[in-house]
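# Working through the structure, step by step
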Amino acid sequence: MRQLYSKSWFIGAIATGLMSTLAASVQAQDIFDNRTLQFPEDTIVEFEFLQSHGSYQAALGVRNETTGEETILFQEVKPYDAFGTNQTIQTSRGQNDFGTQSDFVGTVAGGTVSNQFSEFLFEANNRYVFFLESASPTGQTRRRILSTQNLAQFNGSLNGGSRGNVKGTRVSWEDGGQVEVGNDDDFDDFVIEAGGYLIDMNCPPIQ
Ligand SMILES: [Ca+2]
Ligand SMILES: [Ca+2]
Ligand SMILES: [Ca+2]
């Protein structure tokens, strides 16, 4: 038994159109939120990195609380796009800068994160949490935030398709801020999306 929450509208639309009755019968947990996650069957979720807005170098991953195993989904390979350049960084404390170039933006195009997509297999009946690790450019200060703390905001559902500019579930993180600045509640420090379309992989092959 296995299912997939895909980022792909194309695959999702075909699966939803042809197999909606079958898909409904194996509906799993289709919500990510601040609780520990658990699926009743093996479930692959596709993730997309959107943007980060934090001066620290961050990594986002999944921790299997049942086995202790940790897997990184997205890793910043430098702290932010303009790191090492002389560019002036615009910042506005406490403002959500998602979608802008302000506040230490990190993107795939700018070379901060190398992979735009990632996928992860949640094994049936194992418990999971997401974590965000961030380190200051010198490596001296390190932080670790869990999705079970109220420092990750969840918007949408894994099979919710596209609503406005959100596809699937958007997860927006507050990383706790620099030591000297602190938590600024801008929730733009690391932003990803998960799923979008449910594909039931238990369907019989199309005739
Ligand atoms: Ca920020
Ligand atoms: Ca960063
Ligand atoms: Ca912040």
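Within each chain, residues carry numbers counting from 1 in the order of the written sequence. Each chain takes a letter, starting from A, and each ligand takes a number, starting from 1, following the order in which they are written. With pLDDT at 70 or above as the cut-off, local features in this predicted model cover only qualifying residues; side-chain atom pairs require 80 or more to be listed or tallied, and sums for whole chains, interfaces and linings still use all residues. Only heavy atoms go into the side-chain values, all of them from the structure, while hydrogens and water stay out.

Surrounding the calcium ion (ligand 2) are the protein donor atoms Gly54 (O), Tyr56 (O), Glu76 (OE), Glu76 (OE) and Pro79 (O), at 2.4 to 2.8 Å. Only nitrogen, oxygen and sulfur atoms count as donors, using a 2.8 Å cut-off from the metal that widens to 3.2 Å for Na, K and Ca. Water is left out, so coordination shells may look unfilled. As a motif over one chain, the donors of the calcium ion (ligand 2) read G-x1-Y-x19-E-x2-P. Across the pair, exposure class does not vary: Glu76 and Pro79 are buried alike. Partly exposed residues are those whose accessible area sits between 20% and 50% of the maximum for their type, while under 20% is buried and over 50% is exposed, using a 1.4 Å probe and protein chains only.

On to the nonpolar core, then. The nonpolar side chains of soluble globular proteins are, as a tendency, buried together. Counting 29 residues, the largest nonpolar core has Phe32, Phe47 and Phe122 as its most contacted members. We count a stretch as a helix when DSSP gives it H or I for four or more residues in a row; a strand needs E for two or more, and each element gets its number in order from the N terminus. Of all the secondary structure elements, the ones that give two or more residues to this core are β2 (42-53), β3 (57-64), β4 (70-75), β6 (117-122), β7 (128-135), β9 (152-156), β12 (169-173) and β13 (190-194). Residues within four places of Phe32 in sequence aside, it is in contact with Leu37, Phe39, Val45, Phe47, Phe122, Phe130, Phe154, Leu158, Thr169 and Ala194. For this analysis, a nonpolar core means a set of buried residues of the types Ala, Val, Leu, Ile, Met, Phe, Trp, Tyr and Cys, connected via side-chain atoms within 4.5 Å. Here a residue-residue contact requires only that any non-hydrogen atoms of the pair lie within 4.5 Å.

Glancing now at the side chain of Ser136. Position of Ser136 relative to the elements: it lies in the loop between β7 and β8 (142-146). Using a relative accessible area of 10% as the deciding quantity, one classes Ser136 as buried. Side-chain atoms alone can form a polar contact between residues adjacent in sequence; in general such a contact is a pair of N or O atoms within 3.5 Å, and within protein one must be able to donate a hydrogen while the other accepts it. For Ser136, the side chain forms a polar contact with the main-chain nitrogen of Gln140, separated by 3.3 Å. When near neighbours in sequence (up to four residues on either side) are disregarded, Ser136 contacts Tyr56 and Thr141.

For the rest of this paragraph, the subject is the sheet that holds β3. Note on pairing: DSSP must find at least two bridges between two strands before they are called paired. In space, the 4 strands of this open sheet follow the order β4-β3-β7-β8, with antiparallel pairing throughout. Edge positions in the open sheet fall to β4 and β8, since each of these has one partner strand only. Going across the sheet, the axis of each strand differs from the next one's by a mean of 25°, ignoring polarity. Pairing of β3 with β7 involves 8 bridges; the strand directions are antiparallel. Of the residues in β7, the one forming a bridge with Leu60 is Leu132. What counts as an axis is a line fitted to C-alpha atoms, over the stretch in contact for a helix, and the angles between N-to-C directions run from 0 to 180 degrees.

Let's shift gears to the coordination of the calcium ion (ligand 1). At 2.3 to 2.4 Å from the calcium ion (ligand 1) lie its protein donor atoms, namely His53 (O), Asp103 (OD), Asp186 (OD), Asp188 (OD) and Asp189 (OD). Sequence positions of the residues that donate to the calcium ion (ligand 1) give the spacing H-x49-D-x82-D-x1-D-D. Separation of the calcium ion (ligand 1) from the calcium ion (ligand 3) amounts to 3.8 Å, with Asp186 serving as a shared donor to the pair. Note on accessibility: Asp186 and Asp188 belong to one class, buried.

For salt bridges, the criterion is a side-chain nitrogen of Lys or Arg within 4 Å of an Asp or Glu carboxyl oxygen. Applying the stated criterion to the full structure yields 8 salt bridges. We note a salt bridge from Arg63 to Glu70, for which the minimum N-O separation is 2.9 Å. Because the salt bridges share partners, they merge into one network encompassing Arg63, Glu65, Glu70, Glu133 and Arg144.

Here we take up empty space enclosed by the protein. Within this scheme a cavity is a closed region of a 1 Å grid, computed over the protein atoms alone, that accommodates a 1.4 Å probe without allowing it to escape, whereas a pocket is open but has protein on both sides within 12 Å along at least five of seven lines; lining residues each have an atom within 4 Å of a point. Grid points are joined across faces, edges and corners, and a volume is the space filled by probe spheres set on the points. Considering all chains together, one arrives at 1 cavity of 30 Å³ or more under this definition. Looking at the largest cavity, its volume works out to about 30 Å³. Residue lining of the largest cavity: Ser52, Gly54, Tyr56, Ala58, Glu76, Leu132, Asp175, Asp189 and Phe190, and that is the complete set.

In this model, the protein chain carries a mean pLDDT of 87, and residues with pLDDT of at least 70 account for 86%. The pLDDT score gives, residue by residue, the confidence of the prediction method on a 0 to 100 scale. In the model, residues 18-26 has pLDDT below 50 throughout and makes 14 contacts with residues more than four positions away in sequence or in other chains.

This paragraph deals with the packing of aromatic side chains. Under the pairing criterion, centres of Phe, Tyr and Trp rings, with the six-membered ring standing for Trp, must be within 6.5 Å; the plane angle then separates stacked pairs below 30 degrees from edge-to-face pairs above 60, leaving the rest tilted. Under the criterion given, the structure shown has 15 aromatic pairs. Centroid distance Phe120 to Tyr128: 5.6 Å. Interplanar angle 80°. Geometry classified as edge-to-face. By the burial criterion, Phe120 is buried, and Tyr128 matches it. Aromatic rings pair up to connect Tyr5, Phe32, Phe39, Phe47, Phe120, Phe122, Tyr128 and Phe130 into one cluster. Two limits define a charge over a ring: the Lys NZ or Arg CZ must be within 6 Å of the ring centre, and within 35 degrees of the ring normal. Its end group placed over the ring of Phe131, Arg144 keeps NZ or CZ at 4.3 Å from the ring centre.

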